[in-house]
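# Observations on chain architecture
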Amino acid sequence: MRIEAASPGRRLDAVKPAPSPPAPKREDIEAYAEATHALEATQDEVDRLEHTEAFETFQKQLGLLRKRLLASPQSLRQMFIDDGVQAIVWEFKQDALGADFTHVLWDLLLRDDAMSAVLQRFIWSVPLKFKRRFVAAIDAHLSERYPMFAGLSKDWPSGNFIPPYVRPAAQRKDDFELVTTGYLGYLSLGYSQREVDLIVWLEVLRDKQCEDRPCVHGITLANGKQKGGCPVAILIPDMLNLLGEGRFKDALKLIQSCNPLPNVTGRVCPQEHQCQGVCTMTGRPLEIGQLEWFLPERERLLAKDHPEEDEEAWKNYVNPWEGATKPPIAVVGSGPAGLINAYLLSTEGYPVTIFEAFHELGGVLRYGIPEFRLPNTLIDDTVSKIQRLGGKFVTNFVVGKTATLQNLKDAGFAKVFVGTGAGLPRFLSVPGEHLNGVMSANEFLTRVNLMQARLEDHETPLPFVKDKNIIIIGGGNTAMDAARTSKRLGGNVTIVYRRTRKEMPARVEELAHALEEEINLMVLRGPREFVSGGEHHVCHAVVEVMELGPPDKSGRRSPVPTGATETIPCDLVIMALGNDSNPIIKDSDSRIKTSRWGTIVLEHGAETALDDVYSGGDATRGGSTAINAAGDGKRAAEQIAHDLHLSAAEIADRVARAADYTAQAASPFTIVERRDIATGIVEITAKAPMIAKSARAGQFVRVLPEPKGELIPLTLADWDAKAGTITLVVQGVGSSSILINNMKPGDAFAGIAGPLGQPSKLHHYAKDETVVFCAGGVGLPPVYPIAREHLRMGNHVTLIAGFRTEGALFWVGAGERVEALQKEFGDQLEVIYCTNDGTFGLKGFVTMPLQAMMDAGKISNGRKVAEVIAIGPPLMMRGVSELTKKFAAPTVVSLNSIMVDATGMCGACMVPVVIEGKMVRKHACIDGPELDAHIIDWDKFLPRFQQFKAQEKASLARHGLN
Ligand code: FAD
């Protein structure tokens, strides 16, 4: 209740103190006498009135008011606020807002109190013409203090806005710091948090609160197709309404209820095709993406000052693994699809474990998108939120290899969500693609982003980029990221794209930023060939000049060769041509149905053909967007929660089993035994229970010795499923292998993933046949389990083990592995030793006894040579291959190539093979490691081992190991 309405004519400056009275004059004294007389008469009247009924009623009301104010001081403040607002209403009704008024009003808004909240609500609610008046006023009167307001009123609201802060190109192009710092970036220019809040609020003032909400639902085009909208259905107009009212925390809560990753998706979504693409502000759509990530980032900054609020919010939270009221869920892959799925299910009280193939979490968000676009701390934040909700993470766990989907179900997980992405890079299949200096963007970005190869104290090598000519093939976000990363590493970068700029699929902002950073763009050019300048390293690309033809299936005009070609000099070629699906999951369970592009097919909503297994994101769509992946993860979470109906007893049992399984899978890879078996060669046995359970002969593991180390492939020399251990034999040649060799029992590897690659293909052979193994040096450990498997199958085995010299022998003497096999299998195993210097066994290379067998008509000791399996130094394998090829003796080699992820994602382990006269790309990690030796183009393959020789040398020197 208000007892006195403010006069509508009262202006805000009327509340200022009155000026001092002038000096008394004669007339004034006369006037004073008159007034005294009048006052006395009035006093009589007052005395009379004080005894009237009306006065008594007024007194009572005053008493009541006093009581109310004492009980609720808030209402007093409200009175003043209401009063002030009335004054402001009056001002807004004038033709223009004056300078004084604008300054006072802005200062009131800056106060961030109840009054400023009322003012924000008021201005948000007034009709557009008044908002325009306000914006014109801040443009006219405040732009000296806020240069970003200058000119704002022109074409406001539809054609003008306050841009989020982007670091100038000259400042940012050499560092990996965030480029678009958004509205919060204004903090770095000295503006306060409140000023930044108001800048955001000003952007929101442009919103029209459209009833048909195209930003959420999209629009239907004339051809019936749907355009735009938000894949996770963020209630954008409602968010804007809350922001317009100044309710930032409520807006954040609302957005997070639709999308737990706003800090990520706000930065990387292609808003120009989604919410902003259909915004009715056609001139300059609202900065919805920027607002989306501003809110959580603002909260993050503010929460740092108030950690106690956070603690309070979690006080009574029951961890779903302890509450055990809902069945456990397994999530495979920690990209946006998996993270959202896990987050939402955890908030619903489901115990969740995320199994991730890499040693780090986040999927493409971490290994693909560089930190200058998306800081890793944001992924870490999301991960810790999920952990706080009870979610568990198991890294270095490759589903389909370490365990199958069925294994996870058997371990108690009631449902499994597969969010494994589409990690297999595409190539062009043009001549010269095998050359050193030609690599996929996945490999390049993984080396830089995931493995931090640009930092001196990290081990992973990087191709030389500084002052080199780098060409990037492609026009999507991956191409932009590879280009801008190369630029930051000092390269002279050119993006080569086969259509025109208009057709480029990259986010408009990323392309604009790339061009600002002085990256060259060469459009209507398609690579035809890469040419070496000697030493098997690329030196130039031959590109075809294109023109645009009719639209293709994507609706974009297709590139058509004109017949003309050009040559572009280059030292590094990075292919950013999109990704295909990784076959690991589908190959591990034939019940999963896949499309002809390899994507997982969904049968019932988000459920796959395999019961209780759901999927989404790039795994089902092929390369798409983070927000689509997030939307899929969200929908699958809703369906999973809806589909689950188990008894309390079954839930308790499943939770206990899944918890045990998770603990075992996450246990550290601790070294339990280590012995020097020859100079520079060490045998290490380490705990890896899940790998030991699944290991098969011929497979390998990917080892990360320590967090800043590099990922290196090592073939499994042995394993013991019962003891939960695996055995590796490591020759210290590079700094990473030397570091491993220096590890001691009790030390733990930062990660071991596996078993990887295809197991050996084992065939039954006749009694008069033999399988010949050629093991050169450290080729013996990988040969050992394969030979043992053949022996166990009943095949006869001839093992030719070659060493440099007697001093380099291992596993040979009494009680050693080879002798143990001889004891166990007797005549079924024949062993031939040779040393280069003849100090033990035959003098010469392993090819010598093999040559004798070939010359004898492919006969070894009376037995026909059924097949030859050669493992060892690449030159030895080539020697064996060339020898047996002449005799058409089936030969397999096991390739320990240069790899990064070792699951098909980087494409680094490319092996050029020739099939029916055509060059085909195979990858040692997914097609191998064993490949038909006779189809390998060894001339092209062997130089790939030299790719990082210079960097390895430098690393050895850095460690003082050379
Ligand atoms: P991913 O992010 O690929 O995550 C899959 C995860 O599963 C990975 O961590 C992987 O290691 C793991 N995994 C795979 N197989 C297994 C297995 N067998 N067992 C266990 N774990 C497994 N989109 C945008 O919207 N905006 C952008 O700006 C943008 N830029 C991009 C830049 C680059 C360089 C790339 C490569 C992509 C970009 N994208 C962008 C696409 C976007 O990142 C993807 O669409 C999105 O990450 C897909 O999410 P996802 O969860 O389905 O898969």
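Residues numbered from 1 in each chain as written. Predicted model: local features only at pLDDT ≥ 70, side-chain atom pairs only at ≥ 80, totals over all residues. Heavy atoms only, no water.

## Some remarks on the site of the ligand
Residues in contact with the ligand amount to 34 residues; listed here are only the nearest, Val268, Glu356, Arg373, Val399 and Asp618. One of the backbone nitrogen or oxygen atoms of valine 364 is found 3.0 Å away from an oxygen atom of the ligand. Within the complex, the protein chains bury 95% of what would otherwise be the 990 Å² of accessible surface of the ligand. Sorting the residues of the shell around the ligand by element identifies α16 (336-347), α21 (477-488) and α25 (626-643) as the ones contributing at least two each. (Near = heavy atom within 4 Å. Polar contact = N/O pair within 3.5 Å; in protein donor to acceptor, adjacent residues only side chain to side chain. Areas by Shrake-Rupley, 256 points an atom, 1.4 Å probe, with all protein chains shown as cover. Helix = DSSP H or I, 4+ residues; strand = E, 2+ residues; numbered from the N terminus.)

## Focus on helix α6 (residues 128-142)
Here α6 spans 20 Å end to end across 15 residues, near enough to the 21 Å set by a 1.5 Å rise per residue. Within the span of α6, buried status applies to Phe130, Lys131, Arg133, Phe134, Val135, Ala137, Ile138, Asp139 and Leu142. (Expected span 1.5 Å × (residues − 1). Buried < 20%, exposed > 50% of the residue type's maximum accessible area, 1.4 Å probe, protein only.)

## A look at the nonpolar core
Residues Phe92, Trp106, Phe134, Phe149, Ile236 and Met239 are the most contacted members of the largest nonpolar core, which totals 104 residues. Formed by 54 residues, the second largest nonpolar core is a distinct cluster that contains Ile684, Val783, Ala801 and Phe825. (Core = buried A, V, L, I, M, F, W, Y, C linked by side-chain atoms within 4.5 Å.)

## Points about the packing of aromatic side chains
Counted by the stated rule, this structure contains 24 aromatic pairs. Aromatic side chains phenylalanine 803 and phenylalanine 810 sit 5.7 Å apart centroid to centroid with 80° between the ring planes, which places their arrangement in the edge-to-face category. Phenylalanine 803 gets classed as buried once you look at its relative accessible area, which sits at 3%. Using a relative accessible area of 3% as the deciding quantity, one classes phenylalanine 810 as buried. Judged by centre distance (6.0 Å) and plane angle (75°), the ring pair of phenylalanine 810 and tryptophan 811 falls under edge-to-face. Here phenylalanine 810 and tryptophan 811 have matching classes, each one buried. (Phe/Tyr/Trp six-rings, centres within 6.5 Å; stacked < 30°, edge-to-face > 60°.)

## Quick notes on the sheet that holds strand β26 (residues 718-720)
The strand order across the open sheet formed by five strands is β26-β27-β23-β22-β28, and the pairing between neighbours is antiparallel. Each of the sheet's edge strands pairs with one partner strand only, and the pair in question is β26 and β28 (748-749). Pairing analysis gives six bridges linking strand β22 (residues 669-678) to strand β23 (residues 681-687), with the strands arranged antiparallel. Residue pairing in the sheet places isoleucine 671 in a bridge with alanine 686 of β23. (Pairing = 2+ DSSP bridges.)

## A look at unusual backbone geometry
Going from glycine 754 to proline 755, the amide bond is cis rather than trans, its omega being -5°. Mapped onto the elements of the fold, proline 755 is located in strand β29 (residues 751-756). Put simply, glycine 928 and proline 929 share a cis peptide bond, and its omega is 15°. Even without being a glycine, glutamine 209 presents a positive backbone phi close to 50°. The topology assignment puts glutamine 209 in the loop between α8 (193-204) and α9 (214-217). One non-glycine residue, leucine 524, lies in positive phi territory at about 55°.

## Some remarks on the pattern of salt bridges
Scanning all chains against the criterion turns up 54 salt bridges. Note that aspartate 197 and arginine 298 form a salt bridge whose closest N and O atoms lie 2.7 Å from each other. You can see aspartate 197 sitting in helix α8 and its partner arginine 298 sitting in helix α13 (residues 288-305), a full 101 residues away along the chain. In this pair, the class of aspartate 197 matches that of arginine 298, namely buried. Between aspartate 718 and arginine 817 there is a salt bridge whose closest N-O contact spans 3.2 Å. Within this pair, whereas aspartate 718 is found in strand β26, its partner arginine 817 is found in helix α30 (residues 817-825), the two being separated by 99 residues in sequence. Look at the salt bridges and you will find they share partners, linking Arg172, Arg373, Asp481, Arg484, Arg488, Arg507, Glu509, Glu510, Glu516 and Glu517 into a network. (Salt bridge = Lys/Arg side-chain N within 4 Å of Asp/Glu carboxyl O.)

## A short note on the sheet that holds strand β12 (residues 492-497)
The strand order across the open sheet formed by five strands is β10-β17-β11-β12-β13, and the pairing between neighbours is parallel. Each edge of the open sheet is held by one strand with a lone partner, namely β10 (438-440) and β13 (520-523). Along the sheet, successive strands turn relative to each other by an average axial angle of 25°, direction set aside. Two elements, strand β11 (residues 469-473) and strand β17 (residues 572-575), share four bridges in a ladder whose sense is parallel. Note on β17: the bridge partner recorded for isoleucine 470 is leucine 572. (Axes fitted to C-alpha atoms, helices over the stretch in contact; angles between N-to-C directions.)

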